[in-house]
Amino acid sequence: IIKQNKKAFLSGAGDCFALEHAYKRGCFKYSVYDENANPYIKKDFWWNEKKEREISLKFDGIIPIAWEYKIEYEGYCNRLKAIPIPIDTDNIDYVHNAVKNKIVIFHGLNREGPKGTKYIKAAMERLQKKYPDKVECIIQGHMPLKNYLDLMKRTNIVVDQCRGYGIGVNAVYAMAEGKVVFGGAEPESLDVFGLKDTPVINILPDEDDIYCKLERLVLHPELIPELGKKSREMAESFHNCKIVAEQYIKEWTRPDKYRE
């Protein structure tokens, strides 16, 4: 890829030795590496750290998609600015987030350790037990796309993850639909994109933290429609694929050379 293209860029968006090193350097208050949360990290992995760094530095630039990945490539001379996750909002319908009989809260099962599912599940189970007439808590995964989309249509709140400092693709999609999203919204994550605020409700890998923040909306359901509207507005103004594409083009066409 590098040899056959005039320019080549690496998307900083996944687990690798550099991210694990950032964790070991104490860069994170919490991480996907806490309590052996990430089963994908193996000591006998065929790749190696030296080779990873060697290849990463051959790219004209590394573009992180979140704060964690910016920190991951700290010290790399070809690390560029972070660019957010894109979503095609033009093809995602926004529906007013009205609460009907019960508040529907959904957490999708996917990479349960890194997502912090055990904390989310414990908080949701407590909430369901205390407010059976007010909430319907759903924890499901590995379903056909149609089933997932049908479920999302009647969901009011999506609990994405609690080990991330920012949000992932599922959360961005939920925002575009006008859902209230619980996930990563740490100050560091906002600062890296120059954001002052976000409708995303920040949660920690802590059962009580998640429970208390969910309970607030259960007790004040009138807040949900407005938060859902703000979610859609942010998806349109910040994550829209055309806006994000312009940022990538700007980086790709820079005259500077960062490749080693």
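Note that the coordinates shown come from a computational prediction; the quantities given were computed from them, not determined experimentally.

1. Focus on the packing of helix α10 (residues 224-239) against helix α11 (residues 241-252)
The contact between α10 and α11 brings their axes to 6 Å, and the two run at 30 degrees. Between α10 and α11, the interaxial angle falls into the category roughly parallel. Across the interface between the two elements, Glu236, Ser237, Phe238 and His239 from α10 touch Cys241, Ile243 and Val244 from α11.

2. Focus on the confidence of the model for the protein chain
In this model, the protein chain carries a mean pLDDT of 89, and residues with pLDDT of at least 70 account for 90%. Contacts from residues 42-46, a stretch scored under 50 in pLDDT, to residues over four places away or in other chains number 0 contacts.

3. With respect to the packing of aromatic side chains
Evaluation of the coordinates by the stated rule reveals 5 aromatic pairs. Ring centres of tyrosine 73 and tyrosine 76 lie 5.1 Å apart, and the angle between their planes is 85 degrees; this geometry places the pair in the edge-to-face category. The class for tyrosine 76 is buried, based on a relative accessible area of 10%. Here the aromatic rings of tyrosine 248 and tryptophan 252 are separated by 5.5 Å at their centres, their planes lie at 40 degrees, and the arrangement is tilted. Highlighted residues: tyrosine 248 and tryptophan 252, both in helix α11, separated by 4 residues, approximately one helical turn. By relative accessible area, tryptophan 252 is classed as partly exposed at 41%.

4. As for the sheet that holds strand β3 (residues 103-109)
Read from one edge to the other, the open sheet built from 5 strands follows the order β4-β3-β5-β6-β7, with strand pairing classed as parallel. The strands lining the two open edges of the sheet, one partner per strand, are β4 (135-141) and β7 (201-202). Inspection of the sheet shows strand β6 (residues 180-183) paired to β7 by 2 bridges, in the parallel sense. Residue pairing in the sheet places phenylalanine 182 in a bridge with isoleucine 201 of β7. Those strands touched by α10 are β3, β5 (157-159), β6 and β7, and its axis lies near 75 degrees from that of β6.

Parameters and conventions
Every chain's residues receive numbers from 1 upward, in the order its sequence appears when written. Local features in a predicted model are, by the rule used here, given only for residues with pLDDT of at least 70; side-chain atom pairs are given and counted only at 80 or more, and totals for whole chains, interfaces and linings are based on all residues. Only hydrogens and water are set aside; all other atoms, that is, all heavy atoms of the structure, feed into the side-chain values. Note on geometry: axes are C-alpha line fits, over the in-contact stretch for helices, and angles between N-to-C directions span 0 to 180 degrees. Strands here are runs of E lasting at least two residues and helices are runs of H or I lasting at least four, both read from the DSSP assignment and numbered beginning at the N terminus. Working rule for angles: under 35 degrees goes down as roughly parallel, over 145 as roughly antiparallel, 65 to 115 as roughly perpendicular, anything else as oblique. For this analysis, residues touch if any pair of their heavy atoms sits within 4.5 Å. Within a predicted model, pLDDT stands for the predictor's per-residue confidence, ranging from 0 to 100. Stacked, edge-to-face and tilted labels apply to pairs of Phe, Tyr and Trp rings (six-membered ring for Trp) whose centres lie within 6.5 Å, assigned for plane angles under 30 degrees, over 60, and everything in between, in that order. Working definition: with a 1.4 Å probe on protein chains only, accessible area under 20% of the residue-type maximum means buried, over 50% means exposed, and in between means partly exposed. When DSSP finds at least two bridges between two strands, those strands are taken to pair.

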